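Here is how the chains run, residue by residue.
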Amino acid sequence: MIRYIIRRLLWMIPVALGVAVIVFTLMTFCPSDAAEIILGSNATEEDKEILRDSMGLNDPFFVRLGDFLTDTFIRFDFGKSWVTKADIKTSILERMPRTFVLTVSTLAISVLVGIPLGIIAAINQGKLGDNMCMAFALAGISIPNFWLALLLVILFSVKLKLLPPMGIGGLEYYILPAIAGCTNGIASLARQTRSSMLEVIRSDYITTARAKGVKEFDVITKHALKNALIPIITVVGTHFGRLLGGMMIIETIFSIPGMGTLIITAVNTRDLPVVQVGSIILAIVFSFCMLIVDLLYAAVDPRIKAQYESMGKRRVKHG
Amino acid sequence: MNRKLRAILAMLLVCGMLLGTLAACSGPDDQPDTPTTPSNPDTPGSDGQEPAGSKIIEKLDVGSTTLWETLTPFRNTSAQFSTFVRHIYDRLAVRTVTGEYVPQAAKSWEVADDGVTYHIALYENITDSQGNHITADDIVWIIEENMSRGLKPCFNKVDHVEKTGDYTFDIVMKQNIVDMLPMVLYSTYVFSRAAFEASPDEFATSLVSTSPYEVTDFVAGSHITFTLRDDYWQSEDLIDPALANNVKVLTYHYITEASQQQIGLETGTINAMGSMSATSVQNFEGNDDYVMVNGPSSNGIQLFFSGADSKVVANDVNLRLAICYALDIDGIIAAAYSGYAEPMHDVVPRTNVGYLPKWDNEEYFSYNVDLAKEYLAKSNYNNEELTLLALTSANRLAQMIQSYLGAIGIQLKLNVCDAAQWSSSQTDGNNYDLVLAPIGNGLVNLWSNRFDSNAYANGDATSRKDQTLTDMLYSTWTNEGFTEENIDAVHKYIMDNCYGYGVVLPLVTAVYDAKLNITHAVITDSGDVDMAASIYG
Amino acid sequence: MAELEKNAGHFLEVKDLTVEYFTKEKVVHAVNSVSFSLEKGKTLGLVGETGAGKTSIAKSILRILPDVGARIVGGEVLLDGVDLIALPEKEMRGIRGNKISMIFQDPMTALNPVQRVGDQIAEVIALHNEGKKDEFKRRAQEMLELVGIPRERYSEYPHQFSGGMKQRVIIAIALACNPALLLADEPTTALDVTIQAQVLRLIGQLRDKLGTSMILITHDMGVVATYCDNVAVVYAGGIVESGTREQIFDHPSHPYTVGLFGAIPNMNEDEEWLHPIDGLPPDPSNLPKGCAFRPRCKYATERCGEGPIEMAETPDGHQCRCCNLEAVIKGEKAK
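Because the structure is a prediction, the values reported are computed rather than measured.

About the criteria used
Residues numbered from 1 in each chain as written. Chains lettered and ligands numbered in written order. Predicted model: local features only at pLDDT ≥ 70, side-chain atom pairs only at ≥ 80, totals over all residues. Heavy atoms only, no water. Helix = DSSP H or I, 4+ residues; strand = E, 2+ residues; numbered from the N terminus. Rg over C-alpha atoms; globule rule 2.2 N^0.38 Å. Buried < 20%, exposed > 50% of the residue type's maximum accessible area, 1.4 Å probe, protein only. Pairing = 2+ DSSP bridges. Contact = heavy atoms within 4.5 Å. Buried area = accessible area lost by both parts, 1.4 Å probe. Salt bridge = Lys/Arg side-chain N within 4 Å of Asp/Glu carboxyl O. Patch = residues over 30% accessible without salt bridge, like charges linked within 9 Å, V, L, I, M, F, W, Y side chains within 5 Å. Areas by Shrake-Rupley, 256 points an atom, 1.4 Å probe, with all protein chains shown as cover. Lys, Arg positive; Asp, Glu negative; His and termini not counted. Charge placed at Lys NZ, Arg CZ, Asp CG, Glu CD. Axes fitted to C-alpha atoms, helices over the stretch in contact; angles between N-to-C directions. 1 Å grid on protein atoms, 1.4 Å probe; cavity = no way out; pocket = protein on both sides within 12 Å on 5 of 7 lines; lining within 4 Å. Points joined across faces, edges and corners; volume = space filled by probe spheres on them. Nonpolar A, V, L, I, M, F, W, Y, C, P; charged D, E, K, R; others polar. Polar contact = N/O pair within 3.5 Å; in protein donor to acceptor, adjacent residues only side chain to side chain. Arc of directions from axis to C-beta. Parallel < 35°, antiparallel > 145°, perpendicular 65-115°, else oblique. Left-handed = near helix turned anticlockwise from the far one by under 90°. Core = buried A, V, L, I, M, F, W, Y, C linked by side-chain atoms within 4.5 Å. Domains from an automatic or database assignment. pLDDT = per-residue confidence, 0-100.

So, about the overall build of chain C. Counting secondary structure elements, chain C contains 12 helices and 12 strands. Relative to a compact globule of 335 residues, whose C-alpha radius of gyration would be 20 Å, chain C shows 21 Å and is just as compact. Based on the C-alpha atoms only, the size of chain C along its principal axes is roughly 65 × 50 × 50 Å. Across the 335 residues that make up chain C, the buried fraction comes to 49%.

Here you go:
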């Protein structure tokens, strides 16, 4: 098992390198003028040329790529943003925790609401409970986040004065953003849980459990749910990865300076260093997510754990 | 779920969303049908009048659409005109709403006879919050650092800097161009070299400054809090009213989402919002709990014509005139700006130094469809499709231009793109026939930016090579040549040849809580209200 | 007195059990008015082809028919005089795994893949007994040994066991609480032949040791011959013939039963062709009026199609649901 984890961790290095090279190449050949972006439209051509030289933008592509890779991966010097001149490492270290808290709380709500919804729908298949839960889930996918966010703010901040409408601070600042952002997650989790559970509930071992005299509640939670978890964990994992980069709308509405706003703003302003480093960081975080998801599989299903362990053993045989 | 149920559910969802939106729409007021002329409790003018003493406010929260990501002084020009900048750094000189430059750290400056050398005298008692004394050594080093880093284009115009005394120094410009030096003074932030070099991150997260305020809380992307110092170096009577400090603890919050700007005011998260977006501003019209103050933006929106020979507009003045007369500016102001804009009388906005007030009384391409069609008939236009390059922020305006031109028979295709795309396309006139640009920041700067045919490889900013105009510019923008006569001549030349058309000057609106009881709102050079300098009753 | 004794004697009595499966479109009559009884300590073999309704009968006794689409429409299941159909769910749970256990057909899927094998046995013990966890674990380990699995394998998972061993685990689970009645639904059909013998022998041994009554569902007449005391033949959801093992094997009377025996190839003769029964079983959602076997029966008459057929008594004293019995007996004797 340890071998498996180590191997996965080692794989992250080529992934990060690959992302770095691809993003760097794409952004370099994107039609845009960094000097004009930095200096603004009120600057002359001469001004821009001076800046381009000083930034090394006129060097050949491979030289720049090499510099970038050595700076980022060996010296861990992420450089400064072209547009804001802020130190990128500092920006990321400041913003990542906020996005993380937001993402985790959004995901937590999605899981705590979505999975039970799916279970109820599966148990009451075809009946009112099923239709109601699936209707709720459908609403979740269809309602646009920003619309819901503003309605929540109007209700809880303006009318009821219970929660702050925007900004950062203690945990109460993350409640409305998390609720606004979780609807999509609830929907996909509910649907996945429902279909997983339906499949599992038909299994023979569920009948065995019932034949043993197990309480229905325990049949659902202990026997069925544990077996239905594999696809659900997959959905949770990919959802988490998506949320990390995709919370930009929520972050903008609630004035939370997070990774989402950082990267999207950087893309719009062609702030190359930020986009590059941001993409690499996100790629690494996403790889971690996938590793944790895979480890969770092993924790839940012993057959998968055996598979991982045998993968390591096979290697040893050939080595 | 069966099909019927799904359909009913979809309908319910749509109705629910509609109801929710409508319910939320009942803001503080109903929207008026006709756009009212924006109200102004004070006409923006030079703050030469002696204001009555102001009450000092303990704490104020202000919303802002811009914020600095880092506090380092060597930076590019983005957000350089924001209201809060003066609380971070003192400058050598500060620009007011009329475009005049008033002294702050520099006591005085005068130009020598050669037209390129400026003698600057520094105040001798400048200290920062740690007690460091500022001398000419510091300032000379700061300017030279700015020059070598090349982030602000105004420093590229400086040839060299020389210290001439403990508190005096000379700045020698490369060219004899008026208004270039004041920009340098405005862009030079004052601080102690020793303190800067002692900082681990070049003042990025915490700084030692000479300004009246100390930065006591700074979260990049979220907010910045200033607390008034009691040991500011400048004496009260020498502080220009535009730079007064009537708030003790001042926090600027970064709020970009339009509805949230309004919600912030309603929930008391902020007491004032600068540069509120036009959609939200309308909801405050007629509401006595809030005061709205409009100021002119320092950039206008102008229409420029391509000067590249491949383009049909380049050599056809009648076509250009036709286009200009076909646009209904009043209609544009009402529809694209909800009334929050002014017509212009030159490519240069009236807020820029060099603008001659007498132009306000002149005829300037007023809306005349018949005249437009006449010019069109005289032109060589043969139903070609023209292209208009515009920023996404000017999308509505571009669409309206398209329909006005369509009404007189000109086919216009729109090329609306984001800032990065736009800026890479706009300097080559072969990419478009017309371009909408937000230009300002000084008459000389605008001319140099747009009409100097030596500025780019293909000509000026629209790839035009008009040597006559270029020569006129060079002789007008020197210190000696900057006369009313010469300026007017350039203005007429550009108008007669219709090289550019000042479409609208957008108004910037600040909204604040009426309970603040501001008796005199100080307006900045970018049209915003300076909450610290305003007078509280 | 004699009456009481007669009734008290029936350990399990099923009366007119009727079960339906239903969808929006149609209703499937899976079990039609089935009645039989079982004495304590005896084994009843339920024989019939796939789809005859045998599993449904067993599941109805335990009341573990699927929630959706299945329904016990009528009848009684009396266990020591108590009607299981009418029992509240909570009490029924106390009976499942405890007084009545079931072994299922497919061992590969009958165990929970993410739960340790030993724990699955301990679970059923814990459900029906007081005590500590260690106690349950110990007893589970004893059960493992009883079915021939070393107790060290307690912590392993089902995927680490072969098919035959999995079935042993299932047997362990079923017998852990020493049930009075064991329902074995084709316990060896999914196993290969050599293992089949082992597992059946194990079941037989444990049954004898613990004195368990059993209903053994199978389609294999050889199994019936070895392990069953009584036999009931099921066709199209109803019992068409029932009696002791000797009676059925020596004197099969119903045309269907005759056909079943006839379909078994004779080892001692050199035959080229098998002799299946002509035709196919009827569609359970559309059963013919009268005898369900009529379309395939050589001896069918008009009367066979008129109404439900009653059980008739055969010459040697067992039950047969045929209205043309004499003709059948005569016809078969002639062969």
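Resuming the write-up.
Moving on to the sheet that holds strand β7 (residues 181-185) of chain C. Residue and element names in this part refer to chain C. Here 8 strands make up an open sheet; going across it, the order is β6-β7-β8-β3-β9-β10-β12-β11 and the pairing mixed. Here the strands that pair on one side only, and so sit at the sheet edges, are β6 (100-103) and β11 (312-313). Bridge analysis of β7 against strand β8 (residues 213-218) gives 5 bridges, and the strand direction is parallel. Residue pairing in the sheet places Ala 184 in a bridge with Leu 216 of β8.

Quite often, the size of an interface is put as the accessible area lost when its parts meet. Each partner contributes residues to the interface: chain B has 56 residues there, and chain A has 49 residues. When chain B packs against chain A, the two sides together hide about 4,300 Å² of surface, and 58% of this comes from carbon and sulfur. Among the residues of chain B in contact with chain A, Met 17, Glu 69 and Gln 260 of chain B are the three that bury the most area, contributing 12% of the side total. A salt bridge links Glu 69 of chain B to Arg 95 of chain A, with the shortest nitrogen-to-oxygen separation between them at 2.7 Å. Among the elements of the structure, α1 (3-25), α6 (258-267), α12 (419-425), β19 (434-440) and α13 (443-451) of chain B are those that each provide at least two residues to the side of chain B that touches chain A. In terms of residues, the side of chain B that touches chain A owes the most to one element, α1 of chain B, which gives 8 residues.

To continue, consider the environment of Thr 392 of chain B. All names here are of chain B. Position of Thr 392 among the secondary structure elements: in the loop between β17 (385-391) and α11 (395-408). Taking the C-alpha atoms as reference points, Thr 392 and Asn 271, 121 residues apart in sequence, are found 30 Å from one another. Setting aside its immediate chain neighbours within four residues, Thr 392 contacts Val 416, Cys 417 and Asp 418.

This paragraph deals with a positive patch on the surface. Taken together, the side chains of Lys 226 and Lys 305 of chain A together with Arg 116 and Lys 137 of chain C define a basic patch exposed on the protein surface. Relative to the helices and strands, Arg 116 of chain C is located in the loop between α4 (107-110) and α5 (117-128).

Moving on, we get to the sheet that holds strand β8 (residues 168-173) of chain B. Residue and element names in this part refer to chain B. Strand order across the open sheet formed by 4 strands is β5-β6-β8-β7, with antiparallel pairing between neighbours. In this open sheet, the two strands that pair with only one neighbour each are β5 (106-111) and β7 (158-163). When strand polarity is set aside, the average angle formed by the axes of neighbouring strands in this sheet is 20°. Here 5 bridges tie β7 to β8, and the two strands are oriented antiparallel to one another. In the strand pairing of β8, Lys 163 is matched with Phe 169.

To continue, consider empty space enclosed by the protein. Residue and element names in this part refer to chain B. Evaluation of the coordinates by the stated rule reveals 5 cavities of 30 Å³ or more. The volume enclosed by the largest cavity comes to roughly 180 Å³. Around the largest cavity sit 17 residues that line it, and Val 94, Arg 95, Thr 524, Asp 525 and Asp 530 are the ones nearest its centre. Residues of the lining of the largest cavity, tallied by class, amount to 8 nonpolar, 4 polar and 5 charged.

This part covers the interface of chain A and chain C. Tallying the contact residues gives 20 residues for chain A and 24 residues for chain C. Roughly 2,000 Å² of surface becomes buried between chain A and chain C when both sides are summed, with 59% attributable to carbon and sulfur atoms. Three residues stand out in chain A for area buried against chain C, namely Ala 211, Lys 212 and Pro 302 of chain A, and they jointly supply 29% of the buried area on that side. A salt bridge links Lys 212 of chain A to Glu 123 of chain C; the nearest nitrogen and oxygen atoms lie 3.1 Å apart. Across the chain A-chain C interface, the total number found is 10 residue pairs in polar contact (both at pLDDT 80 or more). Counting residues per element, the ones that place at least two in the side of chain A that touches chain C are α10 (204-212), α11 (216-246) and α15 (302-318) of chain A. Among the elements that make up the side of chain A that touches chain C, the one with the highest residue count is α10 of chain A (7 residues).

Residue and element names in this part refer to chain B. All buried positions along helix α14 (residues 467-476) are accounted for by Leu 469, Thr 470, Leu 473 and Thr 476. The arc that holds every buried residue of α14, seen down its axis, measures 135°, which confines them to one face. Lining the buried residues of α14 we find α13 and α15 (484-497). Between the side-chain oxygen of the N-cap and the backbone nitrogen of Thr 468 there are 3.1 Å, and the N-cap of α14 in question is Asp 466.

Okay, the layout of surface pockets next. Here the second largest pocket defines a volume of roughly 770 Å³. Every residue lining the second largest pocket is counted, 28 residues in all, and those nearest its centre are Met 55, Gly 79, Lys 80, Trp 82 and Pro 273 of chain A. Listing elements by their share of the lining of the second largest pocket, those giving two or more residues are α3 (45-55), α4 (61-74) and α14 (272-300) of chain A together with α3 (136-149) of chain B. It is α4 of chain A that contributes the most residues to the lining of the second largest pocket, 5 residues altogether. Class assignment for the residues of the lining of the second largest pocket results in 12 nonpolar, 7 polar and 9 charged.

Glancing now at the pairing of β6 of chain C. Residues and elements named next belong to chain C. Residues Ile 100 and Met 102 line one face of β6 and the alternating positions Ser 101 and Ile 103 line the opposite face, and both faces are buried. Pairing geometry for β6 and β7, over 4 bridges, is parallel. Residue Ile 103 lies in a different strand from β7, and its bridge partner there is Ala 184.

Residue and element names in this part refer to chain B. Look at α14 against α15: their axes get within 10 Å of each other, and the N-to-C directions meet at 160°. Considering the angle they form, α14 stands roughly antiparallel to α15. α15 is crossed by α14, and the crossing has left-handed handedness. Here α14 contributes Thr 468, Leu 469, Met 472, Leu 473, Ser 475 and Thr 476 to the contact with α15, which in turn contributes Asn 486, Ile 487, Ala 489, Val 490, Tyr 493 and Ile 494.

So, about the nonpolar core. As a rule of thumb, nonpolar side chains are buried together in soluble globular proteins. In this structure, Ile 92, Met 197, Phe 254 and Ile 281 of chain A are the most contacted members of the largest nonpolar core, which totals 71 residues. Counting residues per element, this core draws most heavily on α11 of chain A, at 11 residues. A domain-level breakdown of this core finds at least three residues from each of domain 1 (2-73) and domain 2 (93-268) of chain A. With near-sequence residues (within four places) excluded, Met 197 of chain A lies in contact with Ile 119, Ala 122, Ile 220, Ala 224, Leu 225 and Ala 228 of chain A. Judged by nonpolar contacts, the second largest core, of 66 residues, contains Ala 106, Leu 122, Leu 181 and Trp 233 of chain B.

Moving on, we come to the arrangement of the chains. If you rank the 2 pairs of chains in contact by how many contacts each has, first place goes to chains A and B. Taking C-alpha atoms as the reference, chain B and chain C come no closer than 13 Å and do not contact one another.

Attention now moves to the confidence of the model for chain B. Residue and element names in this part refer to chain B. Across chain B, pLDDT averages 88, with 93% of residues at or above 70. Confidence scores differ between elements of chain B, with α1 showing the lowest mean pLDDT of 70 and strand β9 (residues 189-190) the highest of 96. For the stretch residues 26-48, pLDDT sits under 50, and the model shows 39 contacts to residues farther than four places along the chain or on other chains.

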